[in-house]
Structure formats: C-alpha cells, structure tokens
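Structure assessment
Below are the chains, spelled out letter by letter.
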Amino acid sequence: MANGTAKLTIDDFIKNNEVVKCIDSLKSAFPAGAKPLVVSDVVDGDNHQYVNLVQKGGGVLGIALVGYTYILEEMGIRFIRLAGTSAGAINTALMTVIGKKEDAKSTRVLDAICKLNFFDLVDGHPAARWIIRNFITHGDFSAKIKKWMTGIIATLIILLAGDFIFLGWQHSVHWLSTVTMVLFIITGIFLLMAGVLIFYILSLMKRLKNAGFGINPGDYFYDWIKKQLIDNGVKTVTDLQNKAAEDIPGLRLRVDHEDGLQGLKGDVTFITSELVTQNKIQFPAMWNLFRNDIDSLQPAGFIRASMSIPVFFESYFINDIPQGEEMKRKWLDAFGIDTPPANARFVDGGILSNFPINLFYNPKIITPRLPSFGIDLDDSRPGDSDPEPENWSLLGYFGRMFNTIRFYYDKDFLLKNKVFQKGIGTIPLAGYNWLNFFLSDQDKIDMFVRGAKAATEFLMKFDWEGYKDERKDMRKKLLREHALDPSAAENNLHNK
Amino acid sequence: MQIIISWPWFCAVFGLLLVITFMMSLQSAHFYTKDNVIYKFSIIDLELPSTPTELVNLIKGLYKLPEPLSKKAVSALKGQLYIDFLFMPCAYGALFLLCMRVSEKMQPAIGADIFLVLAWLQGIAWLCDIIENIYLLRKIDPNPVLSSHSVHKAYLYMEALKWGIALTAAICAVSIICYFWLSGFYSAGSLRYAGIMAGEIILFLIASMIFLKKNKTRAGQKPVQA
C-alpha cells in the first residue's frame, strides 16, 4: 500500500502476532461463560454490547484508531452513537455507513484504507508534493533546507570565483578562453535555475493565497470518501442520518432502567470549524443552517470540512447560503447571529474540538445505560513537556500557545467531568509525524498494533460498575450544588 | 540577411518587444478568475497548469465572475492571446538575432555552430507558442473541454520545450556577451546600442510604474465591490 505499491492485505494487520496475542489475552481474561467482559447494559440479540464512541483527529495516525476499534469489535462491542473530528471523522463516517449497526466493521474500514494510497491525498501542485515528500514529512526538515541553501550559495560562489580566475588566466594560457566561456555559460544557467526556483516559490506562495491558503485542494479525498459513502448506499444526508439511526435487532437492557430503551437511537457527528462566523459546527445535525433542502448538501462535504487541516488542505466552502427569514431565525437560535453568512468557510474541526466527547454528555441521565468510549491519540515525545519555558524557541512558544488554546475546550470538559476519562483509552504514537503521508507498510502495521494494544489495556482495566457509580456520584454532587446554590449548579449543568 | 543580423535591428525588435509587453501587462490587470474566491492569475498559470482540471477550472472561473468583471477578464485574456501572435516574432526574433550576433563573433567554430543551432531553434519555440495559443483560445469557453491526461502531458512537454529553447538561448547568449564585455572583446561602436537598449528598458520601467499602477488600482477595486 505504501506509496501506491498496494501490497498490504487485511491479514497483515489482523493476523499480526501482537494483535492475535491481544485478542487471546482478552479472551482468556474474560472467558465467555465464567467471567464475561461487561462494558455496557445495552445489548442486542447476539449479545453484542453497545457503547458510544468518539475518535480523535490526528492525520495519518488515524490507522491506530482502526486497531483500537478492531479489538473492541472482536470483544463483541458495537457502537450506537459515533462522533469524530478530522481523521476521527473519516473513521467515524466509514464505521457509520459500512454494514449494519450490529456488524463488526473495522476490517472493512481497514480494507478501504489498504486500497488507498495515502500520498494521493496530497493532491496539490507537483512542486508542493515534492516539497512535502522531501522536506515536511521528515522530522528535521529545517536542517535539510539549510543544507540545500548552503549548497546553492557555495556553488554560486565557486562558479563566480572560477569565472574571474579563468578570465584573468586566459591571457597567459590562450586555450583557456574556451573553458572560460563554458564556465560563463554554466554560471548563467545556474543563475537561471536559481531565478526559476525563486520565481516558482513566489508563484507557489501566490497560489497558496489564491487557493484560500491551502496547499492541497483535497479533491482526491472528497471523491474518495464520496465513493466510500455511495458504495455503502449513502448518497444523501438523509441516507447518512437514516443509516446512523437504523434499528438494532433485539436491542434490550441487561438490567432494568427507568428509561428503558427510550432515546437509545444511533447518530453520527462530524466536528468542523466555521471561520466566517467563528463557530464549531456539528454535521449533519446543523445542516439546516446552510440549506433549506437537506439533500442539496453532500454528506462527503461534511467529512471533507472536518479534515481540512489548515494550510495543508484548502478550506471547504458552502456558498450561497439562503438568506430568508427562516434561515435568519435558525442562525439566531443557534449562534445569536441575526444575519446568516452568504458563504461559510470550514477548516479542520480539530482547531476547536479534536476530541468531542462532550457531545455524549446528558445532564439528565442519573444512571448511564451505556458508557461513552473515546480513543485518544498521543504523539507527544518525552522531551515535548520541557519544564524550562525559558528555553523554548519562537516556534515552540507559538506552538504551545496554539495547542493550549485548541486543546483547552475538550480538556475543560474532561476536567469537570472526570468520569468520562474512565472511558478513554490512549494510543501512544510518539515518533510518528501526523502529516507523514509516506508511511511505510511496516509503520501502518505498527500503528494498528499500537491501537490494538491500547484497546486491550483499556478493556483489561475498564470497570463498568465503577463507571456507573461514579456517574451517579457526579449527578448527586450536581444536585447538592443545586440545593446550595441553584444558579451555580444551573450554570454547571449548562457548561457540561 | 547580414543587414538584419545587426545591433540596430536588434534594438528595433527589442523596443517593439517591450512595447507589446507593456500592452500585454495592461491587459493582464484584468486577469481575474473565480474558484471559491475571486483571485488574480497570470498567463503562466494557463501555460503551466498542474492538472487538466486546473486549467479547465481557471477558464470556467472567468465566467463565474460577476459582470462586468467577467466580460473584461474574458476579453482581456483573448486579447492577450491574440497580441501574443505579434509578441512571438519579436521575442523569438530578438533571440535569433542575439544568438546570430554571438555566433558571428564566437571562436572556436564549434561554439559558433552551437549558437547558430540555438538561433534557428527559435523557430521551433515559435511554433510551440503558436500551437499553445491556438489550444488555449479554443479552450476559452464557459464549458471548456477537459483534456485527457496524455494531451495535457503533451501540452506540458511542449511548454517545457518552448521555455527550454528560449531560456537556454537567452542565458547562453547573455553569458557570452558578458564574457566578451569583461574580456574587452567588443567594438566601441556597439556600446551605442547598449545605451539604446538601456534607454528602452528605463522607458519601459517608467511607463510600467505609472500606467500599470493606475490600471492595477482601477481593476483591483472591482472584485472587492463585486
């Protein structure tokens, strides 16, 4: 598969020794009859257990998400409500549309990924592709650029020096005049090439501006995901919503619950950031803010909008938003804006909420019937948490500022609702560059294995009864706060 | 032929080249197209598009512009492609004369022959340019035909050939002229023509600064209003 060689098969992933070991260890820890794995009270006719699932964004690291969901599915876990951002949105979309709710889907997601040459997603200008291939995907690309610049300047100095040395020398050694002329031509050609390079870089910068500050149009991805949706019978937004909400045969509760099965309906959410009105948008739920007719939007556009990594991909636009009274009312209700924008411009949802687990929080629930699982991707290296802030470079300083802003929204929710942490498994992916679209086959398998291992570790520790108790305690605490200070508790409920 | 291959002729052709370049620059101030946003493009974007779709989208975008911007952009682009037919003999003619002049002075004979070949190769570059213009003129339509990848590849190869021949000739001739000048291997009379060319270039730059700036401001306001 790597770089278009298309050799990887599903078996390379799922029959990997480490992955098989993960499943064996889980099956021996939770033998079917004696001590089965219990992660939810919602089960179907085939005894699959149902949970909600949130998948984090992270570029090519998304393969690890599939490793994680594969293990969950192998252990009989299925998903009712799904949500994701960016790469998480891609997996979420595929898991929503493939097969039926009660089916295991990860191997089919894997199959779709195996057939995809990742570098095709980098569909920008050939020069931009070349730069990404040779520089950006390498960890130390600034050093590589420096080396190239030094080489160019050194060659130019040598050529110019040679021109003048030979120009003087030819007076004493006559035949050197031909060599001097050739040297002059070589210098001219070298200067021409340098000029063309500068012109090309400038024109690429101009193209970047013209393209809405995106190096790659993202058209290849749009066509690919659209095909995946259509191949699975999803052509319209209505199809997508119906597919996400389709009934599960034999759905029941393992234990009695006052709400019974009420409200246990599937749905799907992709998070994206809208820059014109500066809002977080949840598709497909918010489709009606952009069109009057649900099916005049393309579901593939929602996923494309969610994965528009700023600068790397062009923004996704929805143009010609209707401006009628009805639309004005919807925008006023949703965001307090009385004039809807004429055009909306979307970038990666990850800049606002890369891990939208808060979507599944319902303050009215006293005892949860099913948990919300989240898959976190952690590509930080040990050295990244440098405790000496005075040593940061300018880039490091801005990077940390940006990360503090973009991660705090999700972090704040988890800090206030610690019980949700219990449903989150983290896949350690240090050493992988999330923008490296040149992953080798081995890298892909390794990421999948890491996902599988993280899921195994998570399931070994997950305590469903403890989760429920903690959730009940959280509710009691909120009610206590309400009794002491109703307004504060009310705020707290809203914040959550 | 010998009369034509001379510095006075070169100065005349070079002057005409600058006049036509100036006219083309005035037209290019109206080169706007629309994709997601209205943006400016250059003729190079049409000459070296990375994919067939890119070229088609750029042309389609001309017709997506609001009026009167769209009409102006289309007529400016077509106008420039027609004027380019006048520009070509001047550009390739100037390069031909330059290479011939260098060839005449060149020692050893192999060098002279190389420059002779470079001079006559300008005919191929000219032919490529003509084909390119016809190809583009036929494409300018609200619904342009999407070329196949092989046609697009052939188009890019032709562009590479055209630019390769012209730029190689220009850079080799200018490099050798610099060599002659630094070695003192030139006639004092030719300095007069160097002065004329410098004057032409200065005039071109002044005119560009005055007129193009005005034109750019006028044209540049329209997309914002639209």
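The rules we used
- Residues numbered from 1 in each chain as written.
- Chains lettered and ligands numbered in written order.
- Predicted model: local features only at pLDDT ≥ 70, side-chain atom pairs only at ≥ 80, totals over all residues.
- Heavy atoms only, no water.
- Helix = DSSP H or I, 4+ residues; strand = E, 2+ residues; numbered from the N terminus.
- Buried < 20%, exposed > 50% of the residue type's maximum accessible area, 1.4 Å probe, protein only.
- Contact = heavy atoms within 4.5 Å.
- Patch = residues over 30% accessible without salt bridge, like charges linked within 9 Å, V, L, I, M, F, W, Y side chains within 5 Å.
- Areas by Shrake-Rupley, 256 points an atom, 1.4 Å probe, with all protein chains shown as cover.
- Salt bridge = Lys/Arg side-chain N within 4 Å of Asp/Glu carboxyl O.
- Lys, Arg positive; Asp, Glu negative; His and termini not counted.
- Charge placed at Lys NZ, Arg CZ, Asp CG, Glu CD.
- Right-handed = clockwise from strand over helix to strand, strands pointing away.
- Pairing = 2+ DSSP bridges.
- Disulfide = S-S within 2.5 Å.
- Axes fitted to C-alpha atoms, helices over the stretch in contact; angles between N-to-C directions.
- Parallel < 35°, antiparallel > 145°, perpendicular 65-115°, else oblique.
- Nonpolar A, V, L, I, M, F, W, Y, C, P; charged D, E, K, R; others polar.
- Buried area = accessible area lost by both parts, 1.4 Å probe.
- Polar contact = N/O pair within 3.5 Å; in protein donor to acceptor, adjacent residues only side chain to side chain.
- Arc of directions from axis to C-beta.
- Expected span 1.5 Å × (residues − 1).
- Core = buried A, V, L, I, M, F, W, Y, C linked by side-chain atoms within 4.5 Å.

Thoughts on the overall build of chain B
Broken down by element type, chain B carries seven helices and two strands. N-terminal to C-terminal, the α/β element order of chain B is α-β-β-α-α-α-α-α-α. With the C-alpha coordinates aligned to their principal axes, the bounding extent of chain B is approximately 60 × 45 × 25 Å. Across the 226 residues of chain B, 46% fall into the buried class. A separation of at least 24 residues holds for 80% of the contacts in chain B among residues at least 6 apart in sequence.

Focus: a positive patch on the surface
Residue and element names in this part refer to chain A. On the surface, a cluster of positive charge is made up of Lys-418, Lys-476, Lys-477 and Arg-480. Mapped onto the elements, Lys-477 comes out in helix 15 (residues 464-484). Given the relative accessible area of 48%, Lys-477 is considered partly exposed.

Let's talk about the pairing of strand 2 (residues 49-55) of chain A
Residues and elements named next belong to chain A. A large share of strand 2 lies buried, amounting to seven of its seven residues. Residues of strand 2 alternate between two faces, with Gln-49, Val-51, Leu-53 and Gln-55 on one and Tyr-50, Asn-52 and Val-54 on the opposite face, all of them buried. Following the chain from strand 2 across helix 3 (residues 62-74) to the adjacent parallel strand 3 (residues 77-85), one finds a crossover that is right-handed. Pairing analysis gives four bridges linking strand 2 to strand 11 (residues 372-378), with the strands arranged parallel.

Observations regarding the state of the cysteines
Residues and elements named next belong to chain B. Scanning the model with the defined rule gives zero disulfides over all chains in all. In this structure Cys-90 is a free cysteine whose sulfur lies 14 Å from that of Cys-11, the closest cysteine sulfur available. Cys-178 takes part in no disulfide bond, and the closest cysteine sulfur, belonging to Cys-172, lies 12 Å away. On the basis of relative accessible area, Cys-178 is assigned to the partly exposed category, the value being 36%.

As for the packing of helix 4 (residues 87-97) of chain A against helix 9 (residues 219-231) of chain A
Residue and element names in this part refer to chain A. Across the interface, helix 4 lies against helix 9 with an axial gap of 10 Å and an inter-helix angle of 20 degrees. Classed by the angle they form, the pair helix 4 and helix 9 counts as roughly parallel. Between helix 4 and helix 9, the residues in contact are Ile-90, Leu-94 and Val-97 and Phe-221, Trp-224, Ile-225, Gln-228 and Leu-229, respectively. Its residues assigned to classes, the contact of helix 4 with helix 9 shows seven nonpolar, one polar and no charged.

Some remarks on the interface of chain B and chain A
Counting residues at the interface gives 25 residues for chain B, matched by 22 residues for chain A. Of the roughly 1,900 Å² buried between chain B and chain A, counting both surfaces, carbon and sulfur atoms make up 68%. Counting across the interface, chain B meets chain A through zero salt bridges. Run the count over chain B and chain A and you get two residue pairs in polar contact (both at pLDDT 80 or more). When residues of the side of chain B that touches chain A are traced back to their parent elements, those giving at least two are strand 2 (38-40), helix 2 (43-47) and helix 6 (149-183) of chain B.

Focus on the side chain of Ser86(A)
Residues and elements named next belong to chain A. By the element assignment, Ser-86 lies in the loop between strand 3 and helix 4. By relative accessible area, which is 4% here, Ser-86 ends up buried. Polar contacts involving the side chain of Ser-86 include one to the side chain of Asp-348, which spans 2.8 Å. Every residue in contact with Ser-86, bar those within four places of it in the chain, is listed here: Gly-57, Ser-306, Met-307 and Asp-348.

Focus: helix 12 (residues 325-335) of chain A
Residues and elements named next belong to chain A. Taken as a whole, helix 12 has its buried residues at Met-327, Lys-330 and Trp-331. Buried residues of helix 12, viewed axially, fall in a sector of 95 degrees; they line one side. Structural note: helix 12 exposes Glu-325 and Asp-333 on the side pointing more than 90 degrees away from its buried face. Gly-336 sits one or two positions beyond helix 12 and adopts a positive phi of about 70 degrees.

Here's the deal with helix 3 (residues 52-64) of chain B
The end-to-end C-alpha distance of helix 3 of chain B, which contains 13 residues, comes to 19 Å, matching closely the 18 Å that a straight helix rising 1.5 Å per residue would cover. Looking at helix 3 of chain B, one finds that the buried residues are Pro52(B), Glu54(B), Leu55(B), Val56(B), Leu58(B), Ile59(B), Gly61(B) and Leu62(B).

Observations regarding the pattern of salt bridges
Taken as a whole, this structure holds 23 salt bridges over all chains when the rule is applied. Residue Lys227(A) pairs with Asp231(A) through a salt bridge whose shortest N-O separation is 2.8 Å. One end of the pair, Lys227(A), and the other, Asp231(A), are both in helix 9, four residues apart, so they sit about a helical turn from each other. In this structure, a network of salt bridges that share partners links the residues Glu47(B), Asp129(B), Glu132(B), Glu159(B) and Lys162(B).

Brief notes about unusual backbone geometry
For the bond running from Phe283(A) to Pro284(A), omega is 0 degrees, close enough to zero to count as cis. The linkage connecting Gln107(B) with the following residue, Pro108(B), adopts the cis geometry, with an omega of 5 degrees. Mapped onto the elements of the fold, Pro108(B) is located in the loop between helix 4 (69-105) and helix 5 (109-139). Backbone geometry at Val311(A) places phi at a positive 75 degrees, although glycine is not the residue there. With a relative accessible area of 42%, Val311(A) lands in the partly exposed category.

A word on the pairing of strand 10 (residues 344-348) of chain A
Side chains on a regular strand alternate between the two faces of the sheet. Residue and element names in this part refer to chain A. With four of five residues buried, strand 10 lies mostly within the body of the structure. In this sheet, strand 10 lies alongside strand 6 (residues 267-274) in antiparallel orientation, the contact comprising three bridges. Bridging across to strand 10, Ser-273 finds its partner in Val-347. Pairing geometry for strand 9 (residues 316-318) and strand 10, over three bridges, is antiparallel. When the bridges of strand 10 are listed, Phe-317 appears paired with Arg-345.

A short note on the nonpolar core
Membership of the largest hydrophobic core comes to 115 residues, with the highest contact counts inside it found for Ile71(A), Phe290(A) and Leu459(A). When residues in this core are grouped by element, the largest group, nine residues, is from helix 14 (residues 441-461) of chain A. Not counting residues up to four positions away in its chain, the partners in contact with Ile71(A) are Val19(A), Cys22(A), Ile23(A), Leu26(A), Ala452(A), Ala455(A), Thr456(A) and Leu459(A). In this structure, Phe115(B), Ala119(B), Ala173(B) and Ile176(B) belong to the second largest nonpolar core, which totals 42 residues.

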